[in-house]
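Working through the structure, step by step
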Amino acid sequence: MNKINKYKFYVMGIFLLCIIVLVVKFQLYNITIVRKYVLSYGKLAPFIFFVLCILRPILLLPIGLFSVLGGILFGPIKGTFITVLGSTIGSLIAYYISWFLGADFFKEFFGDIIEKYYFDDKNAFKITFVMRVVPILPCDFVSYICGLSKINVIKYTIASFLGIIPGTFIYSYFGHSLNNIYSKEFIFSIVMIVILTIIPILIKHYKKKDEYMDVEIDPFYRDIDR
């Protein structure tokens, strides 16, 4: 490990330690406690929630949890707006954290396996947007991978903002509908969450199927060439 990566390693270690302390101390993984904490600020509650949404990607807390909480606290529209705006800013910070550490740093610990997640700037907007809309990979993992790929930050920010909206709205709508679990809104939100969950599973299934077909077909064509 060279001196620069060694320095980065210590910085990241201290950073992760601080994250663990904050999450455990304030029990940020507990939606009930976070709800009480936000509401305790009265009129400042929307701002406090906004700040938490910015910190969420850095604290490695699930975006779905905060989206649901946003719907519970502020309704589907306002909750979505605050969560999306805060998460976009937070994802931008995560992008620069990854950019600061750099690909060389991660390669030293994870090897060349990390390269399979790289993508170039040519299709950056499209790929980022799709990965945000369809949760094939965890939301925050996408942020850090984009930082390593060093795609255009403007494309990344716009694609992230637009891509986060659909899923956030669905979960915020679900959070709002929890007030009446026998309502049509609750049933609709459950159906949408199921669809959102199934889509990446289907994509992974067909991707594996295509890879299997490639393995089976390639030798056949090689035999024909002979």
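Along every chain, residues carry numbers that run from 1 in the direction the sequence is written. Confidence filtering applies because this is a predicted model: local features only for residues at pLDDT of at least 70, side-chain atom pairs given and counted only at 80 or more, and all residues used for totals across whole chains, interfaces and linings. The side-chain values count all of the structure's non-hydrogen atoms but skip hydrogen atoms and water molecules.

**What to know about the nonpolar core**
Val38, Phe49 and Phe74 are the most contacted members of the largest nonpolar core, which has 20 residues in total. Looking at this core, the elements with two or more residues in it are α1 (3–26), α2 (31–39), α3 (45–59) and α4 (63–101). What counts as a helix is a DSSP run of H or I of at least four residues, what counts as a strand is a run of E of at least two, and both are numbered from the N terminus. Ranked by the residues each element gives to this core, the list is headed by α3, at nine residues. Two residues qualify as a contact provided that any one of their heavy atoms is within 4.5 Å of a heavy atom in the partner residue. Discounting residues that sit within four places of it in the chain, Val38 has contacts with Ala45, Ile48, Phe49, Leu52, Leu73 and Phe74. Think of a nonpolar core as a cluster: buried Ala, Val, Leu, Ile, Met, Phe, Trp, Tyr and Cys residues, connected wherever their side-chain atoms sit within 4.5 Å. Each residue is placed in one exposure class: buried if its accessible area under a 1.4 Å probe, protein chains only, is under 20% of its type's maximum, exposed if it is over 50%, and partly exposed if it falls in between. Formed by seven residues, the second largest nonpolar core is a distinct cluster that contains Val142, Cys146, Ile151 and Tyr156.

**Focus: the packing of helix α6 (residues 124–133) against helix α7 (residues 139–149)**
Running from amino to carboxyl end, α6 crosses α7 at an angle of 165°, the nearest separation of the two axes being 9 Å. By the angle between their axes, α6 is roughly antiparallel relative to α7. As for the relative orientation of α6 and α7, their crossing is right-handed in sense. Note on element contacts: α7 touches α6 through Cys139, Val142, Ser143 and Cys146, opposite Thr128, Met131 and Arg132. As a working rule, the residues Ala, Val, Leu, Ile, Met, Phe, Trp, Tyr, Cys and Pro are called nonpolar, Asp, Glu, Lys and Arg charged, and the rest polar, with Gly in that last group. Residue composition of the contact of α6 with α7, grouped by class: four nonpolar, two polar and one charged. Throughout, an axis means a line fitted to C-alpha atoms (over the contacting stretch in the case of helices), and angles, computed between N-to-C directions, take values from 0 to 180 degrees. Put simply, angles under 35 degrees are roughly parallel, angles over 145 are roughly antiparallel, angles from 65 to 115 are roughly perpendicular, and the rest are oblique. Crossings are classed by handedness, with left-handed meaning an anticlockwise turn of the near helix from the far one by less than a right angle and right-handed meaning a clockwise turn.

**Some remarks on the confidence of the model for the protein chain**
pLDDT expresses, on a scale from 0 to 100, how confident the predictor is about each individual residue. Predicted confidence across the protein chain gives a mean pLDDT of 81, with 80% of residues reaching 70 or more. Overall, residues 212–226 carries pLDDT values under 50, and its contacts beyond four positions in sequence, including any with other chains, amount to zero contacts.

**Remarks on the pattern of salt bridges**
Here a salt bridge means any side-chain nitrogen of Lys or Arg lying within 4 Å of a carboxyl oxygen belonging to Asp or Glu. Under the definition given, this model contains one salt bridge. Ionic pairing is found between Asp140 and Arg56, a salt bridge with its closest N-O pair at 3.0 Å. With Asp140 in helix α7 and Arg56 in helix α3, the pair connects residues that are 84 residues apart, well separated along the chain. Look at Asp140 and you get buried, because its relative accessible area is 11%. Using a relative accessible area of 1% as the deciding quantity, one classes Arg56 as buried.

**Comments concerning the side chain of Ser183**
Mapped onto the secondary structure, Ser183 falls in the loop between α8 (153–177) and α9 (184–225). Given a relative accessible area of 10%, Ser183 falls into the buried group.

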